[in-house]
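Coordinates in review
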Number of protein chains: 2
Amino acid sequence: MTGKFCACIAQSMQYHRAPATTTFPELFELFVQAVLPQSLADAAYLQLQAMGRYASAVAGGVILEDGDQHQVVFVAQGATKLVAHASGGREQVVAFHFEGDLISVSSRGAHSYTLCALQDCELVAFPAEDFLGLARSEPGLLNEVLDRVLTSLSRSREKLITLGRKTAQERVAGFLVTMAERIGTPREGGCLLHLPMSRRDMADSLGLTIETISRQLTELREAGLIATSGRSDVHICDIAALEARAGQLAAAA
Amino acid sequence: MTGKFCACIAQSMQYHRAPATTTFPELFELFVQAVLPQSLADAAYLQLQAMGRYASAVAGGVILEDGDQHQVVFVAQGATKLVAHASGGREQVVAFHFEGDLISVSSRGAHSYTLCALQDCELVAFPAEDFLGLARSEPGLLNEVLDRVLTSLSRSREKLITLGRKTAQERVAGFLVTMAERIGTPREGGCLLHLPMSRRDMADSLGLTIETISRQLTELREAGLIATSGRSDVHICDIAALEARAGQLAAAA
DNA sequence: GGAGTTCATTGACCAGGATCAATGACCGGC
DNA sequence: GCCGGTCATTGATCCTGGTCAATGAACTCC
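Let me sum up the structure you'll find in this document. Fair warning: this is a prediction, and the values are worked out from it, not measured in the lab.

The relation between two aromatic rings is expressed through the spacing of the ring centres and the mutual angle of the planes. All names here are of chain A. All chains considered together, the criterion is met by 15 aromatic pairs over all chains. Relative to F28, the ring of F24 lies with its centre 5.8 Å away and its plane at 40°, an arrangement referred to as tilted. Residue F24 and its partner F28 are located together in helix α1 (residues 24-35), separated by four residues, close to a single helical turn. Judged by its relative accessible area of 21%, F24 is partly exposed. Judged by relative accessible area, which is 0%, F28 ranks as buried.

So, in C-alpha cells, the structure goes:
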C-alpha cells in the first residue's frame, strides 16, 4: 500500500486553475468515466444525467451544511474537506476529497458536519435518495458505491489509529505519506506535494494545533526528510524515512 | 471507595450465557431475521445458507486475523472488538459489535486488524467475495449491506471527533452514553449497563490509558452521575447530565 | 511593487494525561 | 472459604503537546 506512489494518480498538479468555463456535460462525462460501470443501462445513464446538478464552490466556501438535503457529491475538480463540529468551536476534519472522489455524508450521529471547498471546486451533486434509489435497480452502480464507501470506511479507520495512538511526529509524517499517495507528483527520486489545505486544516485533521504542525514540519525539514517552499509546497526527499517516522518512531520495543 | 455505591445496583444482572448448544439453522435464522430483506428470492436464500459457515469463539479468542480470507461475519450472539495494531505494541479498538451486527473488515490500509471475541460468541461467517457476488444480483441485500456499512462509517467518524478533539472526561462520558444506547437496559429512570469489555478495551477504544479511564469513572461516580458494581456493571443515574459531559464540558465560550 | 492582512513560525510556559509504582478488589479454581 | 492471579484503583511524577504571545513570511489588492 505504501512505497510506490502516484504514477497512476497524478493529474499533473496545475497550480490554480482557470475560471470555471466547464459545462455540465463535460463534468458529467468525468463522473461517468470515474464512477459508472461499463455495463450501465442507457436508461439509467439518462436518469442520472437528469437528476445530476452542476455545482461549484470558491475556495473556502461551504458546499453542504448540516440541514441540507442529503446529497451524493462527485468532485470533478478541486479539493474538499468534510468537517465535524464539536462543542466549544472545536473542529475535526473527518476526510479530505480530491478529483474523482465520490462523497456521501450520512450524518446519523450527535455532531453536525459541513463539506467545504479547499480550492475552487466543480462538482456534480445528486439527491441521495434518488441516486441510491436508482442504484438499487442497477447492481453495478450500487456495487461501485459500496466499494467507495468501504474505501472511506477503511480510510476513516486508519485515521482512528492515527488519532488514538500516534505521536505528533508520527501523525504529521503519516499525513505527508498519505497525501503523497493521493495527490503527489514523483520528482527527482522524491515526491512533490502541493497541499491544498492550510496548517489549520492539517491540525484539525490530525487532532493537533497549528503550532505543533509547524514545529513537526520544521523538525522533519531539519532532519532532511522534506523541503518546503512557500506555504503549500512540500518536497519529500526521503519517502522511506518518512514512512518509518509515520509508524515506527516509538517502536523500539 | 466503590463499595458504598454497590447498593444502587442489585444483583439483577444475569451472569451469562448457557453453553453453545445452538444449531447452525437456528443461528442462520437469526441472520435472516436481522439482515435479509423480505423480498429476497428463495434461490438466494438457499445460496446464502449454503455458503454460510458456523463459527464460535470463546471470550478473548481471535475470530479473524490479518492474513485470513476476507469474510463477512454476522454476530448471532456475544460481542466482539475490531482491533488495529500500530507499532510498539500499541492497539486501537476501531469498533465494538454486538448481537445482530454485520461485520466487514476490508483492510486496505497500512495497519493490520484483528477481530476478537469479548464474550463467548456465536457467529455466521460468509466468504466476502461470494457474499458480495450474490448481493450484486440481489439489490435488496446489497442495499442492506450498504446501509450497514454507512452506519459503520458514521460511527467511525463520530469516533474521529472523540479521538481528535475531546478531553478524557468527554470521551468516557460519551462512551457510556453510546453503550447505553446500544446495549443498555432501562432501569429506574436510569439505565443499567453490563459492559462486556475490560478497562483496557475501553482505553484502547478511546485513545487513553486504563488509569485515565479509572480516574474518570471515579470522578463521574463521585459526581453522582453513575454507580458501579463489580468490574463491569454500571448504573447510569443521570443520562442527561452524562450527555452534557460528553460534549459540552469545554464549551463555555 | 508597496501596504495591509492573513497565515506560519518560533519561543516561553503550562497542564492534561501518560508513566511508574504500589495497593486493593474481583473472580475462578480447588 | 481460601488462595492466587488478573484486573482495577489510586498516588506521585514526568513529558508531550497545548496555550499564550510575539515575530516574520507569504499572498492580495490596488
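Our next topic: helix α7 (residues 210-222) of chain A. Residue and element names in this part refer to chain A. For α7, spanning 13 residues, the distance from its first C-alpha to its last is 18 Å, which sits close to the expected 18 Å at 1.5 Å a residue. All of the buried residues along α7 are I213, Q216, L217 and L220. Buried residues of α7 fall within an arc of 100° about the axis and therefore sit on the same side. Exposed and oriented more than 90 degrees from the buried face of α7 are R215 and E222.

Turning our eyes to something else, we now look at the pattern of salt bridges. Throughout the structure, instances matching the rule amount to twelve salt bridges over all chains. With a shortest N-O distance of 2.8 Å, B:R90 and A:E170 are connected by a salt bridge. Note that B:R90 is positioned in the loop between β4 (80-85) and β5 (91-97) and A:E170 in helix α5 (residues 168-183), a pairing that runs across two chains. The salt bridge involving B:D201 is made with B:K81; its shortest N-O contact spans 2.7 Å. Placement of the pair is B:D201 in helix α6 (residues 199-206) and B:K81 in strand β4, with a sequence separation of 120 residues. Each of the salt bridges in this network shares a partner with another, and the network as a whole consists of A:R165, B:R200 and B:D204.

Here we come to the protein's contact with DNA strand C. By nearness alone, 17 residues border DNA strand C, and A:R199, A:S214, A:T218, B:A168 and B:T212 come closest of all. Put simply, 63% of the atoms of DNA strand C that lie within 4 Å of the protein are in sugar or phosphate. Within the side chain of A:S214, an N or O atom sits 2.7 Å from a phosphate oxygen of DNA strand C. Between DNA strand C and the protein, one listed contact pairs a base oxygen with a side-chain N or O atom of B:R231 at 3.2 Å. In terms of residues, the surface near DNA strand C owes the most to one element, α7(A), which gives five residues. Residues belonging to the surface near DNA strand C are distributed by class as follows: two nonpolar, seven polar and eight charged.

With respect to topology, four strands assemble into an open sheet ordered β2-β7-β4-β5 (chain B), the strand pairing being antiparallel. Only two strands of the sheet have a single neighbouring strand rather than two, namely β2 (62-64) and β5 of chain B. Neighbour to neighbour, the strand axes of the sheet diverge by 35° on average, direction disregarded. As paired elements, β2(B) and strand β7 (residues 112-117) of chain B share two bridges and run antiparallel to each other. Across the sheet, B:V62 pairs through a bridge with B:C116, a residue of β7(B). In the packing of helix α4 (residues 139-165) of chain A onto the sheet, contacts are made with β4, β5 and β7 of chain B, and the angle to β5(B) comes to roughly 130°.

Thresholds applied
- Residues numbered from 1 in each chain as written.
- Chains lettered and ligands numbered in written order.
- Predicted model: local features only at pLDDT ≥ 70, side-chain atom pairs only at ≥ 80, totals over all residues.
- Heavy atoms only, no water.
- Phe/Tyr/Trp six-rings, centres within 6.5 Å; stacked < 30°, edge-to-face > 60°.
- Helix = DSSP H or I, 4+ residues; strand = E, 2+ residues; numbered from the N terminus.
- Buried < 20%, exposed > 50% of the residue type's maximum accessible area, 1.4 Å probe, protein only.
- Expected span 1.5 Å × (residues − 1).
- Arc of directions from axis to C-beta.
- Salt bridge = Lys/Arg side-chain N within 4 Å of Asp/Glu carboxyl O.
- Near = heavy atom within 4 Å.
- Polar contact = N/O pair within 3.5 Å; in protein donor to acceptor, adjacent residues only side chain to side chain.
- Nonpolar A, V, L, I, M, F, W, Y, C, P; charged D, E, K, R; others polar.
- Pairing = 2+ DSSP bridges.
- Axes fitted to C-alpha atoms, helices over the stretch in contact; angles between N-to-C directions.
- Contact = heavy atoms within 4.5 Å.

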